[in-house]
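# Notes for the structure review
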Amino acid sequence: MKLRDLAGILPVEGTASADLEVTGISSDSRQVKPGVVFFALAGTKADGATYATDAAQRGAAAIVAGSTIAGLPVPVLAVDDPRLALALSAARYFGKQPETMVAVTGTSGKTSVAAFTRQIWEQAGYAAASIGTTGVVAPGRNEYGSLTTPDPVALHQLLKELADAGVTHASMEASSHGLDQRRLDGVKLAAGGFTNLGRDHMDYHPTVEDYHRAKLRLFDSLLPKGAPAVIFADDPWSAPTIQAAHAAGLDVLTVGRHGDFLKLKRVEHERHRQRAEVEAGGVLYEVDLPLAGDFQISNALVSAGLAISTGTPVAKALMALEKLKGAPGRLDLVGTTTNGAPVYVDYAHKPDALENVLASVRPFTTGRVIVVFGCGGDRDRGKRPIMGEIATRLADVVIVTDDNPRSEVPETIRAAILAAAPGAIEIGDRRRAIHEAVAMLHAGDTLIVAGKGHEEGQTIGTETLHFSDHEEVRAALRERAA
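Within each chain, residue numbers correspond to sequence positions counted from 1 in written order. Note on the predicted model: pLDDT of at least 70 is required for a residue's local features to be given, and 80 or more for side-chain atom pairs to be given and counted; whole-chain, interface and lining totals, by contrast, use all residues. Excluded from the side-chain calculations are hydrogens and water; all other atoms, namely the structure's heavy atoms, are used.

Strands here are runs of E lasting at least two residues and helices are runs of H or I lasting at least four, both read from the DSSP assignment and numbered beginning at the N terminus. In terms of regular secondary structure, the chain is built from 14 helices and 23 strands. For this measure, only C-alpha atoms enter the radius of gyration; the expected value for a globule follows 2.2 Å times N^0.38, where N is the number of residues. At 24 Å, the chain has a C-alpha radius of gyration in line with the 23 Å of a compact globule built from 482 residues. When checking whether two residues touch, look at their non-hydrogen atoms; a contact exists if any pair is within 4.5 Å. In the chain, 67% of the contacts between residues at least 6 apart in sequence involve partners at least 24 apart. Neither His nor the chain ends is counted toward charge; the positive residues are Lys and Arg and the negative residues Asp and Glu. By convention, charge coordinates are those of NZ in Lys, CZ in Arg, CG in Asp, or CD in Glu. In the chain, the 49 positive side-chain charges and the 58 negative ones have mean positions that sit 2 Å from each other.

Turning our eyes to something else, we now look at the packing of aromatic side chains. Pairing of aromatic rings covers Phe, Tyr and Trp, the last counted by its six-membered ring, and requires centre-to-centre distances within 6.5 Å; plane angles under 30 degrees mean stacked, over 60 mean edge-to-face, and any other angle means tilted. Counted by the stated rule, this structure contains two aromatic pairs. Ring centres 6.4 Å apart and planes at 50° place the aromatic pair Tyr344 and Phe364 in the tilted group. With a gap of 20 residues between them, Tyr344 in strand β17 (residues 342–346) and Phe364 in the loop between α10 (351–361) and β18 (369–373) connect regions that are remote in the sequence. Comparing Tyr344 with Phe364 shows no difference in burial state: the two are buried. Exposure classes here rest on a 1.4 Å probe applied to the protein chains alone. A residue is buried below 20% of its type maximum, exposed above 50%, and partly exposed in between.

Turning to the domain arrangement of the chain, a few remarks are in order. Its domain assignment divides the chain into domain 1 (3–85), domain 2 (95–323) and domain 3 (332–481). Bear in mind that the domain bounds are from an automatic or database domain assignment. Taken over C-alpha atoms, the centre of domain 1 sits 34 Å from the centre of domain 2. Residue-level contacts link five residues of domain 1 with four residues of domain 2. We define buried area as the total accessible area lost by two parts upon association, computed with a 1.4 Å probe and summed across both. Taken together, both faces of the contact between domain 1 and domain 2 bury some 440 Å²; the carbon and sulfur share is 62%. In terms of surface lost to domain 2, no three residues of domain 1 exceed Ile25, Arg83 and Leu84, which account for 74% of the buried area on that side. Each salt bridge in this description consists of a side-chain nitrogen of Lys or Arg and a carboxyl oxygen of Asp or Glu lying within 4 Å of one another. Counting across the interface, domain 1 meets domain 2 through one salt bridge. Residue Asp81 pairs with Arg182 through a salt bridge whose shortest N-O separation is 3.4 Å. Side-chain atoms alone can form a polar contact between residues adjacent in sequence; in general such a contact is a pair of N or O atoms within 3.5 Å, and within protein one must be able to donate a hydrogen while the other accepts it. On inspection of domain 1 and its partner domain 2, the count reaches one residue pair in polar contact (both at pLDDT 80 or more).

In this section: the pairing of strand β7 (residues 135–138). Here β7 shows no split at all, with Gly135 and Val137 on one side and Val136 and Ala138 on the other all buried. Whether two strands pair depends on DSSP finding at least two bridges between them. Looking at chain direction, strand β6 (residues 128–132) and β7 are connected through three bridges and run antiparallel. Bridged to Ile131 within β7 is Val136. Between β6 and β7, which follow one another and run antiparallel, lie two residues.

Let us look at the packing of helix α6 (residues 208–222) against helix α7 (residues 238–247). Direction vectors running N to C along α6 and α7 enclose 40°, while the axes themselves pass 10 Å from each other. Here α6 lies oblique to α7, going by the angle between them. Note that α6 runs across α7; the crossing there is right-handed. Facing His212, Leu216 and Phe219 of α6, the residues of α7 in contact are Pro240, Thr241, Ala244 and Ala245. By the convention adopted, Pro, Cys, Tyr, Trp, Phe, Met, Ile, Leu, Val and Ala count as nonpolar, Lys, Arg, Asp and Glu as charged, and the other residues, Gly among them, as polar. Among the residues forming the contact of α6 with α7, the class breakdown is five nonpolar, two polar and no charged. Every angle, taken between N-to-C directions, lies between 0 and 180 degrees, and every axis is a line fitted to C-alpha atoms, over only the stretch in contact when it is a helix. Should an angle fall under 35 degrees it is taken as roughly parallel, and over 145 as roughly antiparallel, whereas 65 to 115 is taken as roughly perpendicular and any remaining angle as oblique. Left-handed describes a crossing whose near helix is turned anticlockwise from the far helix through less than a right angle; right-handed describes the clockwise counterpart.

This part is about the sheet that holds strand β5 (residues 100–105). The sheet built from eleven strands is open, its strands ordered β8-β7-β6-β9-β5-β10-β11-β12-β13-β14-β15 with mixed pairing. Edge positions in the sheet fall to β8 (141–143) and β15 (283–289), since each has one partner strand and no second. Each strand of the sheet is rotated relative to its neighbour by a mean of 15°, with strand direction disregarded. Packing against the sheet, helix α4 (residues 152–164) makes contact with β5, β6, β7, β8 and β9 (169–173), and its axis sits at approximately 165° to β6.

This paragraph deals with unusual backbone geometry. The phi dihedral of Arg182 falls on the positive side, at around 65°, and the residue is not glycine. Tracing the sequence through the fold places Arg182 in the loop between α5 (176–180) and β10 (191–194). Overall, Arg182 belongs to the partly exposed group, its relative accessible area being 22%. The backbone phi angle of Arg406 is positive, close to 55°, even though this residue is not glycine. You can see Arg406 is positioned in the loop between β19 (397–400) and α12 (410–418).

Rendered as structure tokens:
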């Protein structure tokens, strides 16, 4: 590729640099090699322009920045929005994407919706993939990930790999950070979904309204006019999301109890599944969803809506719900005690998610609901007492432990939770907290270990140590059975 091939994105028309050979795209100066175009992005801790000299010394073909940088031996291309230019340049450089791409946003449920949509497509006969918090899943590929929405270069390299491997359909999560930072702006989306909105990322967004506005970029900026917007209709933030999608000229398809496209008429909750009646196009379908929790019905309906709106027949999509497998760490039944008490691991690390998961197990719990959870360090501190109150209100036994304390003092985090959780038990060591919780289970009880879900590490200070809630639960169950 020549630099001129990025014309329209970068100001290269008529310049002497237009014939320069481009061998790559990067926003990390450490990854720059001869011929790479370096994008100097303004970050929260440092301005990428400070790394422009390093990039030039490493052989960058050109530097893209928000303003002119003097004294560099390579061309500097000034653009209004370097993040947008990076996303569009990465899309053009790598070129190929799966033919049908959908993205889902919201506070909770994104991982499940992306995974469910992939599974529905698979059952309909498509080569499908999902991209998100738990990694990349595609035919012959299952890779653990760390970011909900990858940076544009990694994302478009991945999309090209998937397309080259024959993947035609891909679903992905759209985080507020990813949307705000233009990571998805080069993705050619066929449809978008919205699950719900609650308190999250208040360390990044100044207000919940600002957080919602970031989510709305999926609908008012990224989806082409007339594209389907599948919106869960039963959330307090559904109405403003529907309004914004209508204003953007999208085909709004609502799902849920108040939905018009897929209307949930009735649901019966059982321990490990739910029986639902869903109306679509005037036809009533009976669905046995093999997953517990009201929120999983919501996620399944958004997923079905995305699949249907991108060409999957209604009956095939709804029948596919009966074979869904839950996303890793989402109300994941790890095992049961010898007296039949189930132990679940769930990723719930924000108020609404914790409330949803605790409420979802209450209908089939004849004994006590026990929860083990903590809060992460260097993140939204305001949610800590909120989650303490929720846990105390909805669980019978609350054990407050450490999550990922990062650079904060763990005792300080726990104290903020305990201030709103009278009667809670404090056990800082997460391993011991899990083992003691399992040991106290009686017949009829349910245990939720919340906060880390699929994660396989615990970050203390600057070090991430191997830690898996799943492994510790299984070890505790073995101990108890011995």
